[in-house]
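Each chain, written out:
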Amino acid sequence: MTFDFDLFVIGGGSGGVRAARIAAGEHGARVALAEESRMGGTCVIRGCVPKKLMIFASQAGLMAEEMRGYGWEGAQAGRFDWPVFRHKLDAELTRLELIYTANLEKAGVRIFHQRATIVDDHTVALADGTQKTAKHILIAVGGRPALPGIPGEELGLISDDLFLLDSLPRRVLVVGGGYIACEFATILAGLGCETVQVYRGDAVLRGFDRQVRDLATLQLSGVGIDLRLNVNPTGLEREGDRTRVTFTDNSHDDFDAVFWATGRDAYTGGLGLDKTGVHLRPNGAIQVDEWSQTSVPSIFAVGDVTDRVNLTPVAIREGHAFADTVFGGRARKVAHSNIASAVYLRPHEAASIGLTEEQACARGDVDVYATTFRPMRSMFAGSNAKIMMKLLVDPETDLVLGCHIFGPDAGEMIQLAAIPITMGATKADFDATMAVHPTAAEELVTMRQPARQHRLAVPARAATA
C-alpha cells in the first residue's frame, strides 16, 4: 500500500511533538501532526510551565516575611496585580507555542491545526472532513481533568481554568489531595485568596512516602490554607453570585469559585478507537506493550493517554524511543522505574525517587537513613519549618532503593540524586562523596547511622530449622 505519510501523530503535546520531530528531522520520515488546541499540550499551555510561574509569583508574601526576619524593616509583598501577571503569562505561553510549532516545521512535519480521529488502522479523519492515510499512527492526546460525578459538578472549574480567570476569587475551594490540588491551593493562598482545601484521606499526596505526606499536610495548613481532611463534597448549587457546597459531614459552605483537582482521565473519548482493535484498560487508557505499541500493529500510543507514568519527561522519552525504534533502526525501551518527581509547594517542595519507606518494608529488609532539621536560612528568620531527607538502603547489597526530600528546592536536589540512584549507587558511594558546606543537600552524604531498621519477621519454624 501507499500512504500519504509514514507517521501521523494525533496530539501536539510533549510526547507527540518529540516523536514527530525525531521521526522527521533525524530519521527522514514523512510525518504529519494534528493538534485540536494550542501546540505544546498540557505541560506548556495549561500545566507545568504556567503553574511553575504562578508558584514563583505566589512566593512574594513568604519572601517578604523572611526578609523582615533578616532586618529589612517594612519589607512587604505589596498588592498582587493579576491582570498584569496574566498578560505576561499569556505572552510567555504564546512564545513557547510558536517555538514548538517552528521546531516541527523546521524538521519537516506537516501540521494540521484541528482535531483528528481514527477511521481505521491506517486512516485518520480531520475536522474539516478530509482523510489522511499513514503507515503508522501515534496517539499522544494526553489526559483531561476528571469530574467527581456529583450533583452540580458543572458549577466547578477544572485546573485548565485557573490560567484563564479574569480575576482571582476572594474565597475558593480546591477539591483533592494530589499534587495538582496541593500546588493550586498553595498558589491561590499565596496570591491572597482565602483558600479551603478538602480531601477524602487523612494526609495529602497519596502514593508518596508517608513522612513526606505528613510534612506536606502540616505545611499546607501552615501557609494559611484551611485544610479539611476526611471530607468530600456531595453536591454544588448556585446561591446568588456564589456556589454553595455540601460535604459528607453534612456541613455546607459558600465560595466564589470551586476547583476540581480530583484526578485526570485518558482523553480517548470520541477518538474513534472503537473502529479499531485497540484495547483499552478498565480506566479508559490505551493499553500498550513495552514498545508503546497497541494491540493493532500500526497504532502506537505514548504519554498520559497510556496512564503508565504521567509526567512530561516520561512522555518525551517515550515519544523519542518510539521514533528511534520504528524509524531509526535503534530499538529502545523506556524504563518506568526510578523516575524522579517533585511537587512544587511552598516554602518547601516534596521530591522523590524510588521506593517509599512503606514499599521498601513490604519488599524486605531495609535500613532507613533519615534526618529532620531546621534549615539555616529560615531558622535565622524565625521560622520553625523543617527539612526532611531520607535514604532507603538494602542492608544486604547496600543499594540505595529510594530518596525522599522535603525542603526548599527539593526538586532541584532530587534531579541530581536521581543520577547516582539510576546508576545503581550504594550507600557507600554516597558516604564517599565529599559534602558541600554549608548546604542543606550535604545531609544526603553525611548520614552515617540508620535512624531505624526494618526487618521481616522470621517464621518460628524457619528459625528453628
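Before reading on, note that the structure itself is shown above.
Residues numbered from 1 in each chain as written. Predicted model: local features only at pLDDT ≥ 70, side-chain atom pairs only at ≥ 80, totals over all residues. Heavy atoms only, no water.

Student: Sorry, what's going on with the overall build of the protein chain here?
Tutor: Counting secondary structure elements, the protein chain contains 13 helices and 23 strands. The C-alpha radius of gyration of the protein chain comes to 24 Å, within 12% of the 23 Å expected for a compact globule of 465 residues. Overall, the protein chain is about 70 × 70 × 45 Å in size when its C-alpha atoms are taken along their principal axes. Burial status across the protein chain gives 48% buried among its 465 residues. Partitioning the intrachain contacts of the protein chain with sequence separation of at least 6 by distance along the chain shows that 63% fall at a separation of at least 24. (Helix = DSSP H or I, 4+ residues; strand = E, 2+ residues; numbered from the N terminus. Rg over C-alpha atoms; globule rule 2.2 N^0.38 Å. Buried < 20%, exposed > 50% of the residue type's maximum accessible area, 1.4 Å probe, protein only. Contact = heavy atoms within 4.5 Å.)

Student: I keep staring at the pattern of salt bridges and nothing clicks. Help me out?
Tutor: Under the criterion given, the structure shown has 32 salt bridges. Across the salt bridge formed by R377 and E66, the nearest N and O atoms sit 2.6 Å from each other. Pair noted here: R377 is in helix α10 (residues 376-380) and E66 is in helix α4 (residues 60-69), with a separation of 311 residues, a long-range link. Overall, the relative accessible area of 52% leaves R377 in the exposed class. A relative accessible area of 15% places E66 in the buried class. Between R363 and D394 there is a salt bridge, with the nearest N and O atoms lying 3.3 Å from each other. Of the two residues, R363 sits in helix α9 (residues 357-363) while D394 sits in the loop between β21 (387-393) and β22 (400-407), which places them 31 residues apart along the sequence. (Salt bridge = Lys/Arg side-chain N within 4 Å of Asp/Glu carboxyl O.)

Student: Before we go on, may I ask you to explain helix α11 (residues 410-423) in this structure?
Tutor: Each α-helix winds once per 3.6 residues, and so residues spaced three or four apart point in a common direction. For α11, built from 14 residues, the straight-helix expectation of 20 Å at 1.5 Å per residue is met to within 8% by its first-to-last C-alpha distance of 20 Å. Most pronounced at A417, the bend in α11 amounts to some 25 degrees, and the proline P420 follows within four residues. If you check which residues of α11 are buried, you get A410, G411, M413, I414, A417, A418 and I421. Structurally, α11 contributes buried residues whose contacts are with β18 (341-343), β19 (349-354), β21, β22 and α12 (427-431). Following α11 by one or two positions, G424 adopts a phi angle in the positive range, close to 90 degrees. (Expected span 1.5 Å × (residues − 1). Bend = angle between axes of the 7 residues up to and from the residue.)

Student: Before we go on, may I ask you to explain helix α1 (residues 14-26) in this structure?
Tutor: End to end, α1 covers 17 Å across 13 residues, agreeing with the expected 18 Å (1.5 Å per residue, within 8%). Within α1, the full set of buried residues consists of S14, G15, G16, V17, A19, A20, I22, A23 and A24. Looking at the buried residues of α1, the elements they touch are β1 (5-10), β2 (31-34), α2 (41-46), α5 (82-107), β6 (131-139) and α8 (312-327). Residue G28 follows α1 closely and has a positive phi angle near 75 degrees.

Student: Looking at this structure, I do not really get the side chain of E97. What am I missing?
Tutor: Examined against the element boundaries, E97 turns out to sit in helix α5. E97 sits in the buried class, given a relative accessible area of 17%. A polar contact is formed between the side chain of E97 and the side chain of R38, at a distance of 2.9 Å. Discounting residues that sit within four places of it in the chain, E97 has contacts with R38, M39 and I45. (Polar contact = N/O pair within 3.5 Å; in protein donor to acceptor, adjacent residues only side chain to side chain.)

Student: What should I look at first to understand empty space enclosed by the protein in this one?
Tutor: Over the atoms a probe the size of a water molecule is rolled, and this reveals where empty space is left. Inspection of every chain in the model, using the stated rule, returns one cavity of 30 Å³ or more. Around the largest cavity, the lining residues are E290, W291, S292, R308, E318, A321, F322, R332, V334 and H336. Taken together, the residues of the lining of the largest cavity break down into four nonpolar, two polar and four charged. (1 Å grid on protein atoms, 1.4 Å probe; cavity = no way out; pocket = protein on both sides within 12 Å on 5 of 7 lines; lining within 4 Å. Points joined across faces, edges and corners; volume = space filled by probe spheres on them. Nonpolar A, V, L, I, M, F, W, Y, C, P; charged D, E, K, R; others polar.)

Student: Is there a simple way to think about the pairing of strand β20 (residues 366-373) in this case?
Tutor: Each regular strand shows side chains that alternate between the opposite faces of the sheet. By the criterion of burial, β20 is predominantly enclosed, with six of the eight residues buried. The sheet contact formed by β20 and strand β23 (residues 452-454) spans three bridges and is antiparallel. Residue pairing for β23: V366 is matched across the bridge by H454. Of the pairings in the sheet, the one linking β20 to β21 comprises seven bridges and is antiparallel in character. (Pairing = 2+ DSSP bridges.)

Student: Can you walk me through the packing of aromatic side chains in this structure?
Tutor: Centre-to-centre distance and the angle between the planes together describe a pair of aromatic rings. In this structure the tally under the stated criterion is nine aromatic pairs. Between Y70 and F380, the aromatic rings sit 4.8 Å apart at their centres with planes inclined by 35 degrees, giving tilted as the arrangement. Of this pair, Y70 sits in the loop between α4 and α5 while F380 is found in helix α10, placing the two residues 310 residues apart along the sequence. Overall, the relative accessible area of 35% leaves Y70 in the partly exposed class. Given a relative accessible area of 58%, F380 falls into the exposed group. Their ring planes at 35 degrees and their centres at 6.0 Å tell us that W82 and F85 sit as a pair that is tilted. One end of the pair, W82, and the other, F85, are both in helix α5, three residues apart, so they sit about a helical turn from each other. Each member of the aromatic cluster is reached from another via a ring pair, and the members are F5, F8 and F112. (Phe/Tyr/Trp six-rings, centres within 6.5 Å; stacked < 30°, edge-to-face > 60°.)

Student: Explanation requested: the sheet that holds strand β12 (residues 233-239) in the structure shown.
Tutor: One open sheet accounts for three strands, arranged β12-β13-β14; its pairing is antiparallel. Looking along the sheet, the strands with just one partner apiece sit at the ends: β12 and β14 (252-255). Between one strand axis and the next, the sheet turns by 25 degrees as a mean value, whatever way the strands run. Note: strand β13 (residues 242-247) against β14, four bridges, orientation antiparallel. Considered in β14, the bridge of R244 is made with D254. (Axes fitted to C-alpha atoms, helices over the stretch in contact; angles between N-to-C directions.)

Student: What is the right way to look at the pairing of strand β10 (residues 194-199) in this model?
Tutor: Here β10 lies mainly inside the structure; five of its six residues are buried. Pairing of strand β9 (residues 171-175) with β10 involves five bridges; the strand directions are parallel. By the bridge assignment, V175 is partnered in β10 with V198. Crossover connection from β9 via helix α6 (residues 179-190) to parallel β10: handedness right-handed. Once the chain exits β10 it traverses helix α7 (residues 210-222) before rejoining the sheet at strand β11 (residues 226-229), and the crossover so formed is right-handed. (Right-handed = clockwise from strand over helix to strand, strands pointing away.)

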